[in-house]
Amino acid sequence: MKSALKLPQLIYRTAMLKLSNINSDPTADYNVAAASYDAYYSKYLGKGALGMLEKLSIKSGQHILDLACGTGFFTHRLAEKVGKHGKVVAVDLSPGMLQCNQENATSQGISNINFVQSDALSFLSRLSDNSVDGIVCGWGICYMEHRKFLQEIERVVKPGGFIGLIENRACSLKAISDLFTKVLMDYPNAMIKNMVIHLPKDKNYLVKTFCKSSFKVQEAWDGEVTVPCEDGNAVAEYMIKSGTSAGFLDALDKNLLPQVMQNFVRYADESFAKGQEVPVIHEFSALVATKE
């Protein structure tokens, strides 16, 4: 196919999938990545996440929600901070992630955590007004409609309570996104589902979106983390084992997935061979706010 025709065909394919309302589900991809998640994603993004956690006013005896809890990076630290008289509810849609979280908690002797398999919005809708002291959501608001999320957290967080949010920005992993676009121009029919993701533009977006009325911003910031990768295979391995590609992989035809990934590695290696690295850069934004 002539290159001039490739991009319009991919754009058309993407538009048709969006109209179809057949959306990808990241759950299965996260189930696969659960066992390797901490060795890849948490290893590199953990420092930024800890920076957010340290700014939260967590006290002994509090009741805190850890939404999109994953394997427990926040969960176990929160459980330690609230102590034996406090409680953490760890919520995730992925049973694989929850299982790892629970196994890690058991191995550490942590017993003040309730584990719930659910999407965050459905779980929040079942809670009473002013029923929790704080909500933490790491790398999870991208899967929620932000207006609905704001309505729920304003309702369930007690006055004086807090929220702590951290998420990749819309500009994150641009080099990776550009490479996948190049590959999909070769295989537009590989896309069989629409991928819905809501990434913030920057810290100002988080403040504007979530500090409209009830919540007052305590601190908001942008940051970035670079993941070192020496070749195309290393980049592809990180994308899969870290869960970073969750949802995207589910959007692809499983019969064509091997070819897509093979070409991704090939294009990445061509860049490395030319002395042009394929930077794996997570750009993120974080917000800590309190409810008045």
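What counts, and where the lines are drawn
- Residues numbered from 1 in each chain as written.
- Predicted model: local features only at pLDDT ≥ 70, side-chain atom pairs only at ≥ 80, totals over all residues.
- Heavy atoms only, no water.
- Helix = DSSP H or I, 4+ residues; strand = E, 2+ residues; numbered from the N terminus.
- Rg over C-alpha atoms; globule rule 2.2 N^0.38 Å.
- Areas by Shrake-Rupley, 256 points an atom, 1.4 Å probe, with all protein chains shown as cover.
- Lys, Arg positive; Asp, Glu negative; His and termini not counted.
- Charge placed at Lys NZ, Arg CZ, Asp CG, Glu CD.
- Axes fitted to C-alpha atoms, helices over the stretch in contact; angles between N-to-C directions.
- Parallel < 35°, antiparallel > 145°, perpendicular 65-115°, else oblique.
- Contact = heavy atoms within 4.5 Å.
- Nonpolar A, V, L, I, M, F, W, Y, C, P; charged D, E, K, R; others polar.
- 1 Å grid on protein atoms, 1.4 Å probe; cavity = no way out; pocket = protein on both sides within 12 Å on 5 of 7 lines; lining within 4 Å.
- Points joined across faces, edges and corners; volume = space filled by probe spheres on them.
- Phe/Tyr/Trp six-rings, centres within 6.5 Å; stacked < 30°, edge-to-face > 60°.
- Buried < 20%, exposed > 50% of the residue type's maximum accessible area, 1.4 Å probe, protein only.
- Salt bridge = Lys/Arg side-chain N within 4 Å of Asp/Glu carboxyl O.

**Q** Is there a simple way to think about the overall build of the protein in this case?
**A** Secondary structure summary: the protein contains 11 helices and seven strands in total. Computed over the C-alpha atoms, the radius of gyration of the protein is 20 Å, within 12% of the 19 Å expected from 2.2 N^0.38 for a compact globule of 292 residues. Once the C-alpha set of the protein is aligned to its principal axes, its extents read approximately 65 × 40 × 30 Å. Summed over all atoms, the accessible surface of the protein reaches about 13900 Å², with 51% contributed by carbon and sulfur. Positive and negative side-chain charges of the protein, numbering 31 and 31 respectively, have mean locations separated by a distance of 4 Å.

**Q** I tried to follow the packing of helix H3 (residues 37-53) against helix H10 (residues 232-241) on my own but got confused; where do I start?
**A** Geometrically, a packed helix pair is captured by the angle between its two axes and the distance between the axes. For the pair H3 and H10, interaxial distance at closest approach is 8 Å and the crossing angle is 95 degrees. Relative to H10, H3 is oriented roughly perpendicular. Within the contact between the two elements, H3 uses Tyr 37, Tyr 40, Tyr 41, Tyr 44 and Leu 45 and H10 uses Glu 237, Tyr 238 and Lys 241. Here the contact of H3 with H10 is built from residues that sort into six nonpolar, no polar and two charged.

**Q** What is the right way to read the layout of surface pockets from this model?
**A** To find the voids left in a structure, one rolls a probe of water-molecule size over its atoms. Computed from the structure, the second largest pocket encloses a volume of approximately 190 Å³. Here the lining of the second largest pocket is composed, by residue class, of eight nonpolar, four polar and one charged.

**Q** Mind showing me how you'd approach the packing of aromatic side chains here?
**A** Going through the model one piece at a time under the given rule, you end up with nine aromatic pairs. Seen in terms of ring centroids, Tyr 44 and Tyr 238 are 6.3 Å apart; in terms of plane orientation they differ by 75 degrees. Their pairing is edge-to-face. On the criterion of sequence distance, the pair formed by Tyr 44 in helix H3 and Tyr 238 in helix H10 is long-range, its members being 194 residues apart. The class for Tyr 44 is partly exposed, based on a relative accessible area of 21%. Tyr 238 sits in the buried class, given a relative accessible area of 2%. An aromatic cluster is defined as three or more aromatic residues linked by ring pairs; in this entry it consists of Tyr 37, Tyr 41, Trp 139 and Phe 284.

**Q** Got a minute to help me understand unusual backbone geometry in this structure?
**A** Across residues other than glycine, the phi torsion is negative in most instances, and most of the peptide bonds are trans. The residue Ala 68 is not glycine, and still its phi comes out positive at about 55 degrees. Residue placement: Ala 68 occurs in the loop between strand S1 (63-67) and helix H4 (73-82). Backbone geometry places Trp 139, a non-glycine residue, at a positive phi of 60 degrees. If you trace the backbone, Trp 139 turns up in the loop between strand S4 (132-138) and helix H7 (146-156).

**Q** What exactly am I supposed to notice about the pattern of salt bridges here?
**A** Close approach of charged atoms allows side chains with opposite charge to pair. According to the stated counting rule, one finds 10 salt bridges in the structure shown. Ionic pairing is found between Glu 152 and Arg 155, a salt bridge with its closest N-O pair at 2.7 Å. Taken as a pair, Glu 152 and Arg 155 lie in helix H7 at a separation of three residues, close to a single helical turn. For Glu 152, a relative accessible area of 18% gives the class buried. Connected via shared salt-bridge partners are Asp 129, Glu 152 and Arg 155.

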